[in-house]
Amino acid sequence: DAGVIQSPRHEVTEMGQEVTLRCKPISGHNSLFWYRQTMMRGLELLIYFNNNVPIDDSGMPEDRFSAKMPNASFSTLKIQPSEPRDSAVYFCASSLARPRGLAGSTDTQYFGPGTRLTVL
Amino acid sequence: QKEVEQNSGPLSVPEGAIASLNCTYSDRGSQSFFWYRQYSGKSPELIMSIYSNGDKEDGRFTAQLNKASQYVSLLIRDSQPSDSATYLCAVSQKTSYDKVIFGPGTSLSVIP
């Protein structure tokens, strides 16, 4: 069974260029998360989708970042224009959200392999 | 105060010893707690989840939770070199959904 798929695995670009990261969640999962990981800030949630709808985008750093989920099997994270401080590993994760109120029901998140972004 | 705190390490233990990893959190309403393992250059992988006070054992791993002290720990018995990794503590916050906040991670090195 395929896990979360991300592409590209590595991206090197120059400051000012547009970057698009892609994610395919695990089939049947209804929640999708984009995270960014750096040495300084650790693993930060950027945006959370449930049933393709953005629920929490409070972690998106600024207007240069945007994310979409046009269907249940695909999501993109776009940075335009990119800056050197955007250099990080970007992870996509998916989970199967169960009904709220169920004790201990926080859902296991499965992470993709990540995209290592370097902005020169 | 950071929402989830961990000793950054690195923590070094000899092979066969017990490794003890600690985590504190600030949100008293948190209900779910997780330990993820992340090998260098890889993605985080869930190894333990715990929801109730006390201990939960899974093979060589034991998670301990004390909600009154806002403290969660992970013990690794009979540590192996393959356990060398960064361990991320994660805690759910009750917002409009079960938002998971990750700690900065503790780097563990098991010395043969």
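Our subject is the structure listed above.
Rules of the game
- Residues numbered from 1 in each chain as written.
- Chains lettered and ligands numbered in written order.
- Predicted model: local features only at pLDDT ≥ 70, side-chain atom pairs only at ≥ 80, totals over all residues.
- Heavy atoms only, no water.
- 1 Å grid on protein atoms, 1.4 Å probe; cavity = no way out; pocket = protein on both sides within 12 Å on 5 of 7 lines; lining within 4 Å.
- Points joined across faces, edges and corners; volume = space filled by probe spheres on them.
- Nonpolar A, V, L, I, M, F, W, Y, C, P; charged D, E, K, R; others polar.
- Contact = heavy atoms within 4.5 Å.
- Buried area = accessible area lost by both parts, 1.4 Å probe.
- Salt bridge = Lys/Arg side-chain N within 4 Å of Asp/Glu carboxyl O.
- Polar contact = N/O pair within 3.5 Å; in protein donor to acceptor, adjacent residues only side chain to side chain.
- Helix = DSSP H or I, 4+ residues; strand = E, 2+ residues; numbered from the N terminus.
- Core = buried A, V, L, I, M, F, W, Y, C linked by side-chain atoms within 4.5 Å.
- Buried < 20%, exposed > 50% of the residue type's maximum accessible area, 1.4 Å probe, protein only.
- Phe/Tyr/Trp six-rings, centres within 6.5 Å; stacked < 30°, edge-to-face > 60°.
- Lys NZ or Arg CZ within 6 Å of the ring centre and 35° of its normal.
- Disulfide = S-S within 2.5 Å.
- Pairing = 2+ DSSP bridges.
- Axes fitted to C-alpha atoms, helices over the stretch in contact; angles between N-to-C directions.

Chemist: Residues and numbers for empty space enclosed by the protein, please.
Modeler: Overall, the coordinates contain one cavity of 30 Å³ or more when judged by the stated rule. As for the largest cavity, its lining consists of A:Asp107, A:Gln109, B:Phe34, B:Tyr36 and B:Val100. A breakdown of the residues in the lining of the largest cavity according to their chemical character gives three nonpolar, one polar and one charged.

Chemist: Quick one: what's the story with the interface of chain A and chain B, residue by residue and with numbers?
Modeler: Interface extent is often summarised as the accessible area lost during association of the parts. Each partner contributes to the interface: chain A provides 18 residues, whereas chain B provides 19 residues. The contact between chain A and chain B buries some 1600 Å² in all, and 53% of this surface belongs to carbon and sulfur atoms. For the interface between chain A and chain B, the tally reads one salt bridge. Among the ionic pairs, A:Asp56 bridges to B:Lys99, the shortest N-O distance being 3.4 Å. Joining chain A to chain B, the criterion identifies three residue pairs in polar contact (both at pLDDT 80 or more). Taken together, the elements giving at least two residues each to the side of chain A that touches chain B come down to β4 (31-38), β5 (42-50) and β6 (53-56) of chain A. Top contributing element to the side of chain A that touches chain B by residue count: β5(A), with three residues. Of the residues contributing to the side of chain A that touches chain B, the split by class is eight nonpolar, eight polar and two charged.

Chemist: Which residues make up the nonpolar core, and what are the values?
Modeler: Ranked by internal contacts, the top residues of the largest apolar core, which has 24 residues, are B:Trp35, B:Val72, B:Leu74, B:Ile76 and B:Tyr87. Breaking this core down by element, the ones donating at least two residues are β3 (19-25), β4 (33-38), β5 (45-50), β7 (61-66), β8 (71-76), β9 (85-94) and β11 (106-111) of chain B.

Chemist: Provide a residue-level description of the packing of aromatic side chains, including the pertinent values.
Modeler: Applying the stated criterion across every chain yields a total of ten aromatic pairs over all chains. Pairing A:Phe33 with A:Tyr35 gives two aromatic rings, centres 6.2 Å apart and planes at 25 degrees, and the pair type is stacked. Look at A:Phe33 and you get buried, because its relative accessible area is 5%. Ring geometry for A:Phe111 and B:Phe102: centres 6.0 Å apart, planes at 80 degrees, overall edge-to-face. Placement of the pair is A:Phe111 in strand β10 (residues 110-111) and B:Phe102 in strand β10 (residues 98-102), with the two residues belonging to separate chains. On the basis of relative accessibility, which here comes to 8%, the residue B:Phe102 falls in the buried class. These aromatic residues form a ring-pair network of at least three members: A:Phe33, A:Tyr35, A:Tyr48, A:Phe91, A:Phe111, B:Tyr36 and B:Phe102. Over the ring of B:Phe61 we find B:Arg60, and its NZ or CZ is 5.6 Å from the ring centre.

Chemist: So what about the environment of A:Asp56? Which residues, and what values?
Modeler: Within the element layout of this structure, A:Asp56 appears in strand β6. Judged by its relative accessible area of 12%, A:Asp56 falls in the buried class. Residues A:Asp56 and A:Leu117, 61 residues apart in the sequence, show an inter-C-alpha distance of 23 Å. With sequence-adjacent residues up to four places away left out, A:Asp56 is seen in contact with A:Leu45, A:Leu46, A:Ile47, A:Tyr48, B:Tyr97 and B:Lys99. One polar contact links A:Asp56 to A:Ser58, side chain to side chain, over a distance of 2.6 Å.

Chemist: Any chance you could break down the state of the cysteines for me, citing the residues and the numbers?
Modeler: All names here are of chain A. Taken as a whole, this structure holds two disulfides over all chains when the rule is applied. A sulfur-sulfur separation of 1.9 Å characterises the disulfide bridge that pairs Cys23 with Cys92. One disulfide, between Cys23 and Cys92, carries an S-S torsion of -65 degrees and so falls in the left-handed class. Highlighted residues: Cys23 in strand β3 (residues 19-24) and Cys92 in strand β9 (residues 88-95), separated in sequence by 69 residues. For the pair Cys23 and Cys92, one class covers both residues: buried.

Chemist: Tell me about the sheet that holds β8(B), and please be specific about residues and values.
Modeler: All names here are of chain B. Spatial ordering of the open sheet is given by β1-β3-β8-β7-β6, a layout of five strands whose pairing is antiparallel. In the strand order of this sheet, the two ends are held by β1 (4-6) and β6 (54-58), each with one partner. Here the strands of the sheet are splayed against their neighbours by 20 degrees on average, with no regard to which way each runs. With six bridges joining them, β3 and β8 adopt antiparallel strand pairing. Across the sheet, residue Asn22 finds its bridge partner in β8, namely Ser73.

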